[in-house]
Amino acid sequence: MALGLLLCGLIYSKQIARQFQTPPETQISFARIPAFGFDRLKADLLWISFVLYIGDSEQRAKTGLVEAPSRLSSIIDADPTLMPPYWFAAFTLGGDLKKPSAAATILDRGIQANPDNWYLYYIAGFNQYLWAHDEVRASKYYAKAATLPGAPDWMMRQAQILRAQIPSTLKRINVLESILETGRGGVDLSKVKAELIKLYTHVLQTTPNQKQKDAMAERLRELQVSK
């Protein structure tokens, strides 16, 4: 068993190193290498490869994020229970590439494989709200998440907020705040904080409600300090 893990890891490690060289046209894709029964190990190494890919600014400057969808899909193929890739699916595909439908495809595959995981419904919900701009579908994901074990108490309230006839700015603030509260995927949330600062500043300048002004001002100071 140990020898098998070692050999499998050695094969994948060598292939990871080759990922960042200029490969010949005929090179076999890392994701197509058989797992030999070590699917979770393969998923972990594919995940490491993806993180290196995302973090390689020089490589991204040349090719953009064109490989992100296939790389994430390969990780899910190997191990659909690995959670961080789903977070990146929402932010990288839905946000950076502006392809929320591609993100939804991966997230729905994750939900099918993990039907009792509230966190996946939650990610699918904010993907629909933030980037597909579909409040109705987003609220349905949130409402389903609220019924599952481990879901936070505010999840159903969030679903109700998305369905309610309240200003879109306040809805967006609620969604972004929940992302900061639950973010566990290793994604850089500086853009989320920056947008929250912009939204709070707007509300602070426009609301006539002094109590709301005070609350917004306090939260704005907290965000600015934590930047």
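Residues numbered from 1 in each chain as written. Predicted model: local features only at pLDDT ≥ 70, side-chain atom pairs only at ≥ 80, totals over all residues. Heavy atoms only, no water.

Draft legend 1. Summary view of helix α7 (residues 118–130). Spanning 13 residues, α7 covers 18 Å between terminal C-alpha atoms, matching the ideal 18 Å at 1.5 Å per step. Counting buried positions along α7 gives 13 out of 13 residues, so the element sits mostly inside the fold. At the N-terminal end of α7, a side-chain oxygen is found 2.9 Å from the backbone nitrogen of Y119, two or three residues along, and the residue is N117. (Helix = DSSP H or I, 4+ residues; strand = E, 2+ residues; numbered from the N terminus. Expected span 1.5 Å × (residues − 1). Buried < 20%, exposed > 50% of the residue type's maximum accessible area, 1.4 Å probe, protein only. Polar contact = N/O pair within 3.5 Å; in protein donor to acceptor, adjacent residues only side chain to side chain.)

Draft legend 2. Structural context of unusual backbone geometry. Backbone geometry places K98, a non-glycine residue, at a positive phi of 55°. Among the secondary structure elements, K98 is positioned in the loop between α5 (84–96) and α6 (100–113). One non-glycine residue with positive phi stands out, namely H133, at about 55°. Given the relative accessible area of 60%, H133 is considered exposed.

Draft legend 3. Up close: the side chain of T92. With respect to the helices and strands, the residue T92 is situated in helix α5. Under the relative-accessibility criterion, T92 is labelled buried at 3%.

Draft legend 4. Representation of the pattern of salt bridges within the structure. Across all of its chains, the model carries 10 salt bridges by this definition. Between E195 and R172 there is a salt bridge, with its nearest N and O atoms 2.4 Å apart. Linking E195 in helix α11 (residues 190–206) with R172 in helix α10 (residues 168–182), this pair joins segments that are 23 residues apart in sequence. Its salt-bridge partner being E222, residue R219 comes within 3.0 Å of it at the nearest N-O pair. (Salt bridge = Lys/Arg side-chain N within 4 Å of Asp/Glu carboxyl O.)

Draft legend 5. Here's a closer look at the side chain of Q158. Examined against the element boundaries, Q158 turns out to sit in helix α9 (residues 154–163). Setting aside chain neighbours within four positions, we find Q158 in contact with Y142, K171, N174 and V175. (Contact = heavy atoms within 4.5 Å.)

Draft legend 6. Local environment of α10. For α10, spanning 15 residues, the distance from its first C-alpha to its last is 21 Å, which sits close to the expected 21 Å at 1.5 Å a residue. When we look at burial in α10, the residues that qualify are K171, I173, V175, L176, E177, S178, I179 and T182. Turning to α10, the residues buried within the fold contact α5, α7, α8 (135–146), α9, α11 and α12 (210–226).

Draft legend 7. The arrangement of the environment of T92 in detail. For the pair T92 and A68, spaced 24 residues apart in sequence, the C-alpha to C-alpha distance is 7.6 Å. Those residues in contact with T92 that sit more than four places away from it in its chain are I54, L65, A68 and L97.

Draft legend 8. Broad picture of the environment of F50. Among the secondary structure elements, F50 is positioned in helix α2 (residues 39–55). Residue classification places F50 among the buried positions, given a relative accessible area of 0%. For the pair F50 and I75, spaced 25 residues apart in sequence, the C-alpha separation works out to 8.9 Å. F50 has contacts with A68, R71, L72, I75 and F88, leaving out every residue within four places of it along the chain.

Draft legend 9. Molecular detail of the packing of α11 against α12. Interhelical geometry of α11 versus α12 gives an angle of 155° and a closest axis separation of 9 Å. Compared by their axis directions, α11 and α12 come out roughly antiparallel. In the packing of α11 onto α12, the handedness of the crossing is left-handed. Between α11, through K193, L196, I197, Y200, T201, V203 and L204, and α12, the contact on the second element is made entirely by Q212, K213, M216, A217, R219, L220, L223, Q224 and S226. Broken down by class, the residue content of the contact of α11 with α12 amounts to 9 nonpolar, 4 polar and 3 charged. (Axes fitted to C-alpha atoms, helices over the stretch in contact; angles between N-to-C directions. Parallel < 35°, antiparallel > 145°, perpendicular 65-115°, else oblique. Left-handed = near helix turned anticlockwise from the far one by under 90°. Nonpolar A, V, L, I, M, F, W, Y, C, P; charged D, E, K, R; others polar.)

Draft legend 10. Local environment of the packing of aromatic side chains. Within the structure shown, the criterion is met by 17 aromatic pairs. Between Y121 and Y141, the ring centres sit 6.5 Å apart and the planes meet at 50°, which makes this aromatic pair tilted. Placement of Y121 in helix α7 and of Y141 in helix α8 is noted, with a sequence separation of 20 residues between them. We classify Y121 as buried; its relative accessible area is 10%. (Phe/Tyr/Trp six-rings, centres within 6.5 Å; stacked < 30°, edge-to-face > 60°.)

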